[in-house]
Amino acid sequence: MDDDALGGSADTQDVTTAPLDWLLDSDPAIRWQVLRDLTGAPTAAVAEERARVATEGWGARLLAARDPDGQWMGGACFPGRGRGEPPQEGSQPWTSTLPAMMELYDFGLDPSTDVAREMTSLVQANCRWEYDDLPFFDGEVEPCINGRTVTLGAYFGADVEVIVARLLADQLDDGGWNCWTENGATVSSFASTICVLEGLLECERATGGSPQLRAARRGGEQYLLDRALFRRKSTGEVAVDAWLQFSFPTRWHYDVLRALDYFRLADIRDPRLGEAIELVRRKRQDDGTWLLENTHRGAVHVELEDGDGRPSRWNTLRATRVLGWWDARG
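Residues numbered from 1 in each chain as written. Predicted model: local features only at pLDDT ≥ 70, side-chain atom pairs only at ≥ 80, totals over all residues. Heavy atoms only, no water.

Undergrad: So what about the pattern of salt bridges? Which residues, and what values?
TA: Summed over the entire model, instances satisfying the criterion amount to 24 salt bridges. Where Asp37 meets Arg36, a salt bridge forms, and the shortest distance between an N and an O atom there is 2.7 Å. Classification of Asp37 by relative accessible area gives partly exposed; the value is 30%. The class for Arg36 is partly exposed, based on a relative accessible area of 41%. (Salt bridge = Lys/Arg side-chain N within 4 Å of Asp/Glu carboxyl O. Buried < 20%, exposed > 50% of the residue type's maximum accessible area, 1.4 Å probe, protein only.)

Quick look at the structure:
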């Protein structure tokens with residue numbers, strides 16, 4: 001894709017025009033975040049709606065899909081042997097423990113609730129990685145998997161220091177990470193790097209972090225910023241066209257909105273984000289929504305959206321938050 005496909009400049013739009021009624025006419029997983037982030041609702045009202053994630057809608061259905069031992073589909077990254085239909089070409093099943101727990105994290109399942117504590121305890125006791133049969137919260141070999149596992153452990157209260165130490169040791173000289181490091185890769189991957197950055201940030205928020213963790217995070221951030229979140233450093237060209245299309249859930253994949261959401265959470269306003277911000281702004285539809293553009297195919301427990309090319313509540317919420325954060329920089 002050439003730069004002309006990115007479009008020209010866009011006028012700043014008032015993100016308060018987001019279709020709030022449409023966003024609120026949804027699942028508790030979205031409603032509580034809209035109340036908190038877009039409407040300024042009272043804390044008690046936000047907490048009341050968030051509590052419904054465990055008992056209603058998508059969250060309740062996902063929790064009910066667990067095996068008796070607390071896993072999903074008998075596997076960590078993939079369903080256990082004989083579980084589920086064989087994946088179609090170009091797809092990956094999203095029904096095992098790691099993607100299911102990541103969805104509950106995205107839903108904002110309160111980690112202090114009994115159901116979240118029980119879930120975490122059972123996974124810790126019973127779930128093991130396909131790689132070397134390691135316990136779930138000890139991680140495995142790929143940074144893109146380990147980063148998401150750190151996100152889950154830090155958020156849900158499991159000890160993931162072993163994985164954090166491995167990630168710090170696995171950081172490459174250019175500042176990022178790559179899932180193929182074990183096979184000799186020496187150049188970082190955008191996808192691996194964003195997975196790790198999200199995990200390190202969640203760990204820092206939960207524990208305060210260490211100087212080494214913060215330094216590693218700075219290195220990964222610079223890797224993305226030096227490339228304007230989507231360009232090749234060597235040529236300035238768009239690295240992968242699909243990164244300009246917004247997905248949800250993102251799984252292990254990278255896109256510009258996912259990266260901006262990370263920088264929003266980290267509260268890092270850098271001028272090198274400007275081009276990516278304008279890309280998000282231009283994708284806003286006339287009715288105030290953003291579309292789902294790049295669903296990552298595979299079996300799921302719960303369908304969260306109406307399909308590619310249709311208005312997406314998740315992308316609308318996420319993009320509205322990003323632009324609101326950026327435009328409030330004063």
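Undergrad: Provide a residue-level description of the nonpolar core, including the pertinent values.
TA: If you look at the biggest cluster of nonpolar residues, it comprises 89 residues, and the most contacted ones within it are Phe136 and Leu229. The dominant element in this core, judged by the number of residues it contributes, is helix H9 (residues 190-207), at nine residues. Apart from residues no more than four positions distant in its own chain, Leu229 is found in contact with Phe190, Leu224, Tyr254, Ala259, Leu260, Phe263, Leu273 and Ala276. (Core = buried A, V, L, I, M, F, W, Y, C linked by side-chain atoms within 4.5 Å. Helix = DSSP H or I, 4+ residues; strand = E, 2+ residues; numbered from the N terminus. Contact = heavy atoms within 4.5 Å.)

Undergrad: Residues and numbers for the packing of aromatic side chains, please.
TA: Under the definition given, this model contains 14 aromatic pairs. Pairing Phe107 with Trp314 gives two aromatic rings, centres 6.2 Å apart and planes at 20 degrees, and the pair type is stacked. With Phe107 in helix H5 (residues 97-107) and Trp314 in helix H13 (residues 313-327), the pair connects residues that are 207 residues apart, well separated along the chain. Since its relative accessible area comes to 1%, Phe107 is described here as buried. Looking at Trp314, the relative accessible area reads 1%, which means it is buried. Note on Phe190 and Trp243: the rings are 4.3 Å apart at their centroids and 35 degrees apart in plane angle, and the pair reads as tilted. (Phe/Tyr/Trp six-rings, centres within 6.5 Å; stacked < 30°, edge-to-face > 60°.)

Undergrad: Got a sec to walk through the confidence of the model for the protein? Specific residues and values, please.
TA: The predicted structure's coordinates, where accompanied by low pLDDT, should not be read in detail. For the protein, the average pLDDT comes to 94, and 94% of its residues sit at 70 or higher. Considering only residues more than four positions removed or in separate chains, one finds that residues 8-15, a stretch of pLDDT under 50, has 15 contacts. (pLDDT = per-residue confidence, 0-100.)

Undergrad: Describe the layout of surface pockets, naming the residues involved and giving the relevant values.
TA: Looking at the largest pocket, its volume works out to about 740 Å³. Lining the largest pocket are 31 residues, and of these Tyr105, Asp106, Asp261, Leu265 and Arg321 sit closest to its centre. Mapped by element, the contributors of at least two residues to the lining of the largest pocket are helix H2 (28-39), helix H3 (43-51), H5, helix H7 (143-156), H9, helix H11 (256-266) and H13. Looking at the lining of the largest pocket residue by residue, the class counts come to twelve nonpolar, four polar and 15 charged. The volume enclosed by the second largest pocket comes to roughly 220 Å³. Along the wall of the second largest pocket there are 15 residues; nearest its centre are Phe248, Thr295, Val300, Glu303 and Leu304. For the lining of the second largest pocket, the residue count by class is six nonpolar, four polar and five charged. (1 Å grid on protein atoms, 1.4 Å probe; cavity = no way out; pocket = protein on both sides within 12 Å on 5 of 7 lines; lining within 4 Å. Points joined across faces, edges and corners; volume = space filled by probe spheres on them. Nonpolar A, V, L, I, M, F, W, Y, C, P; charged D, E, K, R; others polar.)

Undergrad: Residues and numbers for the environment of Phe137, please.
TA: As for its position among the elements, Phe137 is in the loop between helix H6 (114-126) and H7. Residue class for Phe137 comes out buried when judged on its relative accessible area of 3%. Along the backbone, Phe137 and Thr149 are twelve residues apart, and their C-alpha atoms lie at a distance of 6.7 Å. Phe137 has contacts with Met101, Thr120, Val123, Gln124, Thr149, Leu152, Gly153, Ala158, Asp159, Val160 and Ile163, leaving out every residue within four places of it along the chain.

Undergrad: Residues and numbers for unusual backbone geometry, please.
TA: Phe248 connects to Pro249 through a cis peptide bond whose omega is -10 degrees. Locating Pro249 in the fold gives a position in the loop between helix H10 (211-225) and H11. If you check the backbone angles, Asp132 has positive phi at about 60 degrees while not being a glycine. Take Asp132: it is sitting in the loop between H6 and H7. Accessibility expressed as a relative area gives 56% for Asp132, which makes it exposed. In this model, Asp133 sits at a positive phi of 55 degrees, which is unusual for a non-glycine residue. Note that Asp133 resides in the loop between H6 and H7.

Undergrad: Give me the environment of Gly208: which residues, what numbers.
TA: Relative to the helices and strands, Gly208 resides in the loop between H9 and H10. Among the residues examined, Gly208 registers a relative accessible area of 39% and is labelled partly exposed. Sequence separation between Gly208 and His253 is 45 residues, and the spatial gap between their C-alpha atoms is 27 Å. Those residues in contact with Gly208 that sit more than four places away from it in its chain are Cys203 and Arg214.

Undergrad: Give me the packing of helix H12 (residues 274-282) against H13: which residues, what numbers.
TA: Viewed as axis vectors pointing N to C, H12 and H13 meet at an angle of 130 degrees, and their least axial separation amounts to 10 Å. The orientation of H12 relative to H13 falls into the category oblique. For the element pair H12 and H13, the recorded crossing hand is left-handed. On the side of H12, the interface is formed by Gly274, Ile277, Val280 and Arg281, while H13 contributes Ala319, Val322, Leu323, Trp326 and Asp327. For the contact of H12 with H13, the per-class residue count stands at six nonpolar, one polar and two charged. (Axes fitted to C-alpha atoms, helices over the stretch in contact; angles between N-to-C directions. Parallel < 35°, antiparallel > 145°, perpendicular 65-115°, else oblique. Left-handed = near helix turned anticlockwise from the far one by under 90°.)

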